[in-house]
Amino acid sequence: MSVVSRRDFVKSAATCTAAGFFSASALQLHANPLGMPIGCQTWPVREVIAKGFPGAIKQLAAAGFQTIELCSPVGYADSGFAALSQYKGSELRKILSDAGVSCVSSHFGIAELRQNQERAISWAKDVGLSQMMVPSLDGPEKPTMDDVKRAADEYNKMGEQAAKAGIEQGLHNEGFELSMVEGKRTYDVLFGLLDPKLVKFQFQVSTISHGYDAAEYFTKYPGRFISMHVQGWSAASRKIMPVGQDTLDWKKIFAAAKTGGIKNYFVEMNLDMMKASVPYLRNLQLA
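This one's a predicted model, so the numbers in the text were calculated from it and none came from an experiment. (Residues numbered from 1 in each chain as written. Predicted model: local features only at pLDDT ≥ 70, side-chain atom pairs only at ≥ 80, totals over all residues. Heavy atoms only, no water.)

Caption draft 1: Highlighting the overall build of the protein. A count of helices and strands for the protein gives 11 helices and 12 strands. For the protein, the residues scored as buried account for 56% of the 287 residues in total. Carbon and sulfur atoms provide 51% of the accessible area of the protein, an area that totals close to 11,800 Å². (Helix = DSSP H or I, 4+ residues; strand = E, 2+ residues; numbered from the N terminus. Buried < 20%, exposed > 50% of the residue type's maximum accessible area, 1.4 Å probe, protein only. Areas by Shrake-Rupley, 256 points an atom, 1.4 Å probe, with all protein chains shown as cover.)

Caption draft 2: Structural detail: the nonpolar core. Of all hydrophobic cores here, the largest spans 87 residues; its most connected members are F203, F218, F225 and M228. For M228, the contacting residues outside a window of four places in its chain are Q202, F203, V205, F218, I253, F254, A257, I262, N264, Y265 and F266. (Core = buried A, V, L, I, M, F, W, Y, C linked by side-chain atoms within 4.5 Å. Contact = heavy atoms within 4.5 Å.)

Caption draft 3: Region of interest: the environment of K220. Following the sequence through the fold, K220 ends up in helix 9 (residues 214-220). For K220, a relative accessible area of 48% translates into the label partly exposed. Separated by 36 residues in the primary sequence, K220 and A256 have C-alpha atoms spaced 9.6 Å apart.

Caption draft 4: Structural context of the pattern of salt bridges. Enumeration according to the criterion identifies six salt bridges in this entry. A salt bridge links K94 to D98; its shortest N-O distance comes to 2.8 Å. Of this pair, K94 and D98 both sit in helix 5 (residues 89-98), four residues apart, which is roughly one turn of that helix. In terms of burial, K94 and D98 fall into one category: exposed. Across the pair D153 and K157 runs a salt bridge, and its minimum N-O distance is 3.3 Å. (Salt bridge = Lys/Arg side-chain N within 4 Å of Asp/Glu carboxyl O.)

Caption draft 5: Structural detail: the confidence of the model for the protein. Taken over all residues, the pLDDT of the protein has a mean of 90, while the share at 70 or more is 88%. Taken together, the stretch residues 1-31 has pLDDT below 50 and engages in 86 contacts with residues farther than four places along the chain or on a different chain. (pLDDT = per-residue confidence, 0-100.)

Caption draft 6: Representation of the packing of helix 5 against helix 6 (residues 110-127) within the structure. Closest axis-to-axis distance for the helix 5/helix 6 pair is 7 Å, and the angle between their directions is 40 degrees. Taken together, helix 5 and helix 6 sit at an angle that is classed as oblique. Of the two possible hands of crossing, helix 5 and helix 6 adopt the one that is right-handed. Contact with helix 5, carried on its side by G89, S90, L92 and R93, involves W123, K125, D126 and V127 of helix 6 and no other residues of that element. (Axes fitted to C-alpha atoms, helices over the stretch in contact; angles between N-to-C directions. Parallel < 35°, antiparallel > 145°, perpendicular 65-115°, else oblique. Left-handed = near helix turned anticlockwise from the far one by under 90°.)

Caption draft 7: A look at the pairing of strand 4 (residues 131-134). Residues Q131 and M133 point to one face of strand 4 and M132 and V134 to the other, with burial holding for every one of them. Sheet topology note: the strand 3 (residues 102-107)/strand 4 ladder contains three bridges and is parallel. Directly across from H107, in strand 4, lies its bridge partner M133. Where the polypeptide runs from strand 4 across helix 7 (residues 145-164) and back to strand 5 (residues 168-171), its parallel neighbour, the crossover connection is right-handed. (Pairing = 2+ DSSP bridges. Right-handed = clockwise from strand over helix to strand, strands pointing away.)

Caption draft 8: Local environment of the packing of helix 6 against helix 7. The contact between helix 6 and helix 7 brings their axes to 11 Å, and the two run at 15 degrees. Classified by the interaxial angle, the pair formed by helix 6 and helix 7 is roughly parallel. For the element pair helix 6 and helix 7, the recorded crossing hand is left-handed. In contact with I110, L113, R114, Q117 and I121 of helix 6, helix 7 contributes E154, Y155, M158, Q161 and A162. Across the contact of helix 6 with helix 7, the residue classes break down as six nonpolar, two polar and two charged. (Nonpolar A, V, L, I, M, F, W, Y, C, P; charged D, E, K, R; others polar.)

Caption draft 9: The packing of aromatic side chains, seen in detail. A complete count under the given rule lists 22 aromatic pairs for this structure. Between the aromatic rings of Y217 and Y221, the centroid separation amounts to 5.9 Å while the plane-to-plane angle is 25 degrees, which identifies the pairing as stacked. On the basis of relative accessible area, Y217 is assigned to the buried category, the value being 1%. One aromatic cluster is present, built from ring pairs that chain together Y187, F191, F201, F203, Y212, Y217, F218, Y221 and F225. One residue, R185, lies across the ring of Y212, its end atom 3.9 Å from the ring centre. (Phe/Tyr/Trp six-rings, centres within 6.5 Å; stacked < 30°, edge-to-face > 60°. Lys NZ or Arg CZ within 6 Å of the ring centre and 35° of its normal.)

Caption draft 10: Expanded view of the pairing of strand 3. Where strand 2 (residues 67-71) lies against strand 3, five bridges are found, and the strand directions are parallel. Counted as the bridge partner of C71 is H107 from strand 3. Running through helix 5, the crossover from strand 2 to the neighbouring parallel element strand 3 is right-handed. Traced from strand 3 through helix 6 to strand 4, the parallel crossover comes out right-handed.

Caption draft 11: View of the environment of K200. Its place among the elements puts K200 in strand 8 (residues 199-204). Between the C-alpha atom of K200 and that of G261, which follows or precedes it by 61 residues, the distance is 9.3 Å. Apart from residues lying up to four places away in sequence, K200 is in contact with E168, Q169, G170, L171, G223, R224 and I226. A polar contact is formed between the side chain of K200 and the backbone oxygen of G223, at a distance of 3.0 Å. (Polar contact = N/O pair within 3.5 Å; in protein donor to acceptor, adjacent residues only side chain to side chain.)

Now the structure itself:
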């Protein structure tokens with residue numbers, strides 16, 4: 001099966017409809033896993049964001065999401081996020097606040113940071129972010145060890161610049177990170193090359209389709225993670241499913257996430273699946 005990346009598993013998400021059977025205010029009354037708000041990535045609703053950011057955020061809040069993760073209007077301009085450029089950071093914060101939603105994280109393309117990391121950091125601070133993620137270091141499909149070392153060295157330097165601005169830099173795991181180098185997983189090699197003081201990791205749960213087990217990684221690399229993208233996964237059908245309607249052991253994953261250092265998590269599937277995941281996440285108890 002091909003890599004289940006963000007673009008792969010949300011392709012089928014068409015223009016989303018409003019609605020939500022749980023209000024954000026009602027969900028505030030319930031405990032959430034790890035004591036953190038239920039979050040979602042905004043990539044699956046990019047078409048709605050392109051039509052109007054305030055409306056899109058209201059839909060997510062109505063669906064029960066209390067925190068969101070953005071995508072940069074520069075690095076993701078061609079995906080619907082260019083619309084965010086019309087707002088000042090203070091205006092984005094007000095839109096989020098008015099909807100009762102918080103936001104501390106956003107994705108930035110690695111090319112965007114290469115071109116002008118200072119601009120990206122400035123935007124992040126204006127919006128009030130404390131975390132900047134990149135989906136991949138975009139190395140070659142079949143890297144040499146030198147390729148991996150160069151990518152890690154570059155990202156360590158980016159992490160250093162972000163740290164000076166009071167922002168944590170984090171790495172997602174998509175294409176390049178799922179490659180192999182000298183018989184080892186590139187992802188694992190990167191844990192040894194990236195400075196834990198400068199770079200954190202964001203785990204993509206759907207990479208279970210390639211044998212990357214979330215609980216295993218959180219336990220293997222304690223304190224190295226900052227967040228995760230959550231998708232339900234059926235081992236029987238090998239398809240993305242709503243959380244709680246799948247075959248993954250979420251109590252085990254969230255318990256291990258504590259060891260991993262997770263500060264927040266973001267559900268990332270099409271909107272119908274994300275909404276269907278809220279009841280389970282709202283009621284999930286680890287003890």
